[in-house]
Amino acid sequence: MKGVNKITIFNIFSTILTQGINFFTLPIFTRVLGAEQYGLYSVFSSWVALLACLMGFGVQSSIGTGKYHFKNEYYSFRSSVLLFGSLFSVLIIFIATLFIKPVSSFLGYGFLTTEMLLWTAFANFIINFAQNAFIYEKKAGINFGVSIFLTISTLALSLGLLTVFPADNLYLSRVFGVGIPYFVLGLVLWMALFFRRPTTLYKRYCIYSITMGIPIIFHLLSQNILSQSDRVMMQKMNISNSEIGVYSFFYSFVAVLSTILSALNNSWCPFYYDDLDSENWGTLEGKCKNYIELFTTLTVGFLFLSREVGYLLSGKEYSSGMGILPILVLAVYFTFMYQFPVNFEFFHRKTKIIAIGTCSTATLNIILNAIMIPLWGMYGAAIATTISYFLLFLAHYFIVTHLKGTHYHLKMSIFVKGLLIVLLAAILFYLLKEWWGIRWGAAVIIGMRELYKIIKRKEIF
C-alpha cells in the first residue's frame, strides 16, 4: 500500500498546485489589481475555461478507459488521439482567426488578447491531456514537476509584466503571465507524449475517442456553464465590476476546496477503476465510506477556518461577500457527491447519459441565474449555483441506479450522513461568527481524529 499512498499524495499535491494557482496568488493579485481589474481577469479566465472544453474534441476523456481497452497498444492509441485532438484545436483557432473582428467584438478584447485566449485554451487541452495520461499511467512524479513549473512560472511572469501594461488594463499582466508559460509547457508536453510512439491517425482510435469525446464536450461545457456563467451573466446584467471582483475572490477562495476535491478524485479514479474492473465490491464499499468521511472532514474544517483566512487573504474591500462562503462550500460538497455516480458512468462509457444530465442542469442554472442575480446580486448567483449542483447530483444518481445491465454499488444513505454534518457546520459558520476560538479548536480536533484514522488503517482511502 506504500506505493498507492505515494502516488495518491503526489497526485494530490500536483493537482493542488496546478489548479490552485489562483488561490496561491490571491493575496498578491487581489491587492495589486484591485476588485475591478481582478473582476476583468476573472471574466477572461471564464472564457478560457469555456473554450478549453471545445479544444481537442474532448478526446482527453478517453485516456482513462482507453488504457484498459487498448492495453497492448496504448501508446499508439495515445499518440493518435493526441494528434487528432490537436488538429481539431488548430482548426478552431484558424476559423476564429478568419473571423477575428466579430469574435473580438463579441468578447470585448483586442486582436492580441483574443489570440492569447485561443492559444491558452489550446495549451490547457494539451496539459489536461498529458496530466490525464500521467494519472492513469501512475506517473505521479512527472505531474508534480509539471505543477511546480506552472506555479512558479505563471507567478513570476505575471508579476514581471505588471510594469508593462497601463493601470486601466493591468489585468493583462495576468492574462499574458499565465498564457505564455501554459503555451510553452503545452508544446514541450505535446512533443514528449507524441514522440514516445509517433503515429498517424488511426480510424478505430479516433472513432473510440470521438465516441467518448463528443458527449464529454457537452458535459464539460455544461460543467463550465455551471461554474463560470454566473460571472459572465453578472457582467451582462450590469452588476458592477467591483461586486463581480468580490464574488470572484470568494469563488476562487472556495475553489481551494474544489482543487482538493479534484486532487483526491484524480487519485481515486485509477484505483476505483481497478476495483470495478476486478469487481472487488467488499473492498470498494469500505474505500467509498473512507473517502466520504475524509472529504466531509476537510469540508467542515474549511468552513470553520475560512472566515479568518478569508479576511487575511483579501482585506476590507472584499468583506461584504463573506456571507456567501457556506453557500459556495455546499456547492462544492454537492460536486463531490455527484462525482461518485459520474465516475461509475465513465467506467461504463455512458458518456451520452453523462452529457444529458449535466446539460439539463446547466440550462437550469442559467434560468436560475437570470431570476436570482437581478434580485440578490452575487448572493443570487451563489444560491443558483448551489441548487444546480444539488440537482446535478440527484440527476446522476438517478441515472446510475436505473442503468440497464449494471448494478450501482452505493445507496443514497451513504451520502446523507456527510451532507447533514456539512449543513450543521454551515449553520455554525454564521452562529459562531465571533467565536473563532471554538471554530478553530473544533477544526483541529476533527482534523486530528481523521488523521489518526488514516494512520491507523495505513491508507488514505
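In this text, all values refer to a predicted model and were calculated from it rather than measured experimentally. All residue numbers refer to position in the chain's written sequence, counted from 1. Restriction of local features to residues with pLDDT of at least 70 applies here, the model being predicted, together with a cutoff of 80 or more for giving and counting side-chain atom pairs; totals for whole chains, interfaces and linings are based on all residues. Working from all heavy atoms in the structure, the side-chain values ignore hydrogens and water.

J.: So what exactly am I meant to see when it comes to the overall build of the chain here?
T.: Helical segments are the DSSP runs of H or I of at least four residues, strand segments are the runs of E of at least two, and each set is numbered from the N terminus. Scanning the chain from N- to C-terminus turns up 17 helices and 0 strands. Along the first, second and third principal axes, the C-alpha atoms of the chain reach 60 × 55 × 40 Å. Accessible area is worked out with a 1.4 Å probe on protein chains only. A residue is then buried under 20% of its type maximum, exposed over 50%, and partly exposed in between. Within the span of the chain, comprising 461 residues, buried residues form 58% of the whole. Summed over all atoms, the accessible surface of the chain reaches about 19,600 Å², with 70% contributed by carbon and sulfur. Taking the 33 positively charged and 19 negatively charged side chains of the chain as two groups, their mean positions are separated by 6 Å. Working definition of accessibility: Shrake-Rupley area with a 1.4 Å probe, residue cover restricted to the visible protein chains. In this tally Asp and Glu are treated as negative and Lys and Arg as positive; neither His nor the chain ends contributes. A single reference atom marks each charge: NZ on Lys, CZ on Arg, CG on Asp, CD on Glu.

J.: Whenever I open this one, the packing of aromatic side chains confuses me. Can you help?
T.: What describes a pair of aromatic rings is the distance from one ring centre to the other and the angle between the planes of the rings. In this analysis, rings of Phe, Tyr and Trp, with Trp reduced to its six-membered ring, are considered paired at centre separations within 6.5 Å, and the interplanar angle assigns stacked below 30 degrees, edge-to-face beyond 60, and tilted for intermediate values. All chains considered together, the criterion is met by 43 aromatic pairs. With a centroid separation of 5.7 Å and 85° between ring planes, the pair formed by Phe77 and Tyr205 is classed as edge-to-face. With Phe77 in helix 5 (residues 74-98) and Tyr205 in helix 10 (residues 203-236), the pair connects residues that are 128 residues apart, well separated along the chain. Taken individually, Phe77 and Tyr205 each receive the classification buried, so the pair is uniform in this respect. With centroids separated by 4.8 Å and ring planes inclined at 75°, the aromatic side chains of Phe249 and Phe250 adopt a geometry described as edge-to-face.

J.: Help me out: how do you make sense of unusual backbone geometry in this one?
T.: Outside of glycine, negative phi angles account for most residues, and trans bonds account for most peptide bonds. Positioned with a positive phi, Phe57 is a non-glycine residue whose angle comes to about 60°. You can see Phe57 is positioned in the loop between helix 3 (26-54) and helix 4 (63-69). The class of Phe57 is buried, set by a relative accessible area of 18%.

J.: Looking at this structure, how should I read the nonpolar core?
T.: Nonpolar side chains in soluble globular proteins generally cluster together in the buried interior. Here, nonpolar core means buried Ala, Val, Leu, Ile, Met, Phe, Trp, Tyr and Cys residues that are tied together by side-chain atoms lying within 4.5 Å of each other. Tyr247, Phe250, Phe336, Phe340 and Phe415 are the most contacted members of the largest nonpolar core, which has 147 residues in total. Per-element accounting of this core gives the leading share, 18 residues, to helix 11 (residues 241-278). Note on contacts: a residue pair qualifies if any of its non-hydrogen atoms lie within 4.5 Å across the two residues. Apart from the residues within four sequence positions on either side, Phe250 is in contact with Tyr318, Gly321, Met322, Ile324, Leu325 and Leu328.

J.: Explain the side chain of Ser86 here, please?
T.: With respect to the element layout, Ser86 can be found in helix 5. Ser86 sits in the buried class, given a relative accessible area of 6%. Once you skip the residues sitting within four places of it in the chain, Ser86 turns out to touch Phe122, Phe125 and Trp190.

J.: Looking at this structure, I do not really get the layout of surface pockets. What am I missing?
T.: One water molecule sets the probe size; rolling that probe over the atoms shows where empty space is left. Points on a 1 Å grid over protein atoms alone make up a cavity when a 1.4 Å probe fits among them but cannot get out, and a pocket when they form an open set with protein on both sides within 12 Å along at least five of seven lines; lining residues each have an atom within 4 Å of a point. Grid points are joined across faces, edges and corners, and a volume is the space filled by probe spheres set on the points. There is about 410 Å³ of room inside the second largest pocket. Where the lining of the second largest pocket is concerned, the elements lending two or more residues are helix 12 (281-314), helix 16 (413-431) and helix 17 (436-457). Examining the composition of the lining of the second largest pocket, we find that 8 residues originate from one element, helix 16, more than from any other. For the lining of the second largest pocket, a count of residues per class yields 9 nonpolar, 4 polar and 5 charged. Polarity classes work like this: nonpolar for Ala, Val, Leu, Ile, Met, Phe, Trp, Tyr, Cys and Pro, charged for Asp, Glu, Lys and Arg, and polar for all others, with Gly in that last group.

J.: Would you mind going over the pattern of salt bridges with me for this structure?
T.: Oppositely charged side chains may form a pair once their charged atoms are brought near each other. Salt bridges are defined as contacts in which a side-chain nitrogen from Lys or Arg sits within 4 Å of a carboxyl oxygen from Asp or Glu. Inspection of the entire model under this criterion finds 7 salt bridges. A salt bridge links Lys287 to Asp275, with the nearest nitrogen and oxygen atoms 3.1 Å apart. Here the residue Lys287 occupies a position in helix 12, and Asp275 occupies one in helix 11, the gap between them amounting to 12 residues. Across the pair, exposure class does not vary: Lys287 and Asp275 are buried alike. Note that Arg457 is salt-bridged to Glu450, the shortest N-O span being 3.9 Å.

J.: Sorry if this is basic, but what is going on with the confidence of the model for the chain here?
T.: Atomic detail in the predicted coordinates should be set aside for any region of low pLDDT. pLDDT measures the predictor's confidence residue by residue and takes values from 0 up to 100. Of the residues in the chain, 95% have a pLDDT of 70 or more, and the chain-wide mean is 86. At the level of individual helices and strands, the chain shows its lowest average pLDDT in helix 2 (residues 21-24), which scores 61, and its highest in helix 5, which scores 95.

J.: Any chance you could explain the packing of helix 12 against helix 13 (residues 325-347) here in plain terms?
T.: Each packed pair of helices is defined by two parameters, the angle between the axes and the distance between the axes. For the pair helix 12 and helix 13, interaxial distance at closest approach is 11 Å and the crossing angle is 170°. Relative to helix 13, helix 12 is oriented roughly antiparallel. In this structure, helix 12 contributes Cys288, Tyr291, Ile292, Phe295, Thr296, Thr299, Phe302, Leu303 and Ser306 to the contact, and helix 13 contributes Leu325, Pro326, Val329, Val332, Tyr333, Phe336 and Phe340. A breakdown of the residues in the contact of helix 12 with helix 13 according to their chemical character gives 13 nonpolar, 3 polar and no charged. What counts as an axis is a line fitted to C-alpha atoms, over the stretch in contact for a helix, and the angles between N-to-C directions run from 0 to 180 degrees. With respect to orientation, any angle under 35 degrees is reported as roughly parallel, any angle over 145 as roughly antiparallel, any angle of 65 to 115 as roughly perpendicular, and every other angle as oblique.

J.: How do you make sense of a nonpolar patch on the surface when you look at a structure like this?
T.: A contiguous nonpolar patch, built from Trp119, Phe149, Ile180, Phe183, Val184, Leu187, Val188, Met191 and Phe195 and spanning about 790 Å² of accessible area, is present on the exposed surface. A per-element tally of the nonpolar patch places helix 9 (residues 172-194) first, with 6 residues. Secondary-structure assignment places Val188 in helix 9. Surface patches are drawn from residues lacking salt bridges whose relative accessible area is over 30%; two like charges belong together within 9 Å, two nonpolar side chains (Val, Leu, Ile, Met, Phe, Trp, Tyr) within 5 Å.

J.: Any chance you could explain the state of the cysteines here in plain terms?
T.: Between two cysteines, a covalent bond joining their sulfur atoms is known as a disulfide. Count a disulfide wherever a pair of cysteine sulfur atoms falls within 2.5 Å. Inspection of the entire model under this criterion finds 0 disulfides. Cysteine Cys359 shares no disulfide, and the gap to the nearest cysteine sulfur, in Cys53, comes to 11 Å. What makes Cys359 partly exposed here is its relative accessible area of 24%.

J.: Got a minute to help me understand helix 16 in this structure?
T.: Since there are 3.6 residues in each turn of an α-helix, residues three or four apart along the chain are aligned in direction. The end-to-end C-alpha distance of helix 16, which contains 19 residues, comes to 28 Å, matching closely the 27 Å that a straight helix rising 1.5 Å per residue would cover. Taken as a whole, helix 16 has its buried residues at Ile414, Phe415, Gly418, Leu419, Val422, Ala425, Ala426 and Phe429. Seen along its axis, helix 16 keeps its buried residues to an arc of 120°; they face one direction. In helix 16, the exposed positions angled more than 90 degrees off the buried face are occupied by Ser413, Lys417, Leu420 and Leu431. Where helix 16 is buried, its residues contact helix 12, helix 13 and helix 15 (378-400). How far a helix is expected to stretch is found by multiplying one less than its residue total by 1.5 Å. The directions from the helix axis to the C-beta atoms form the arc being described.

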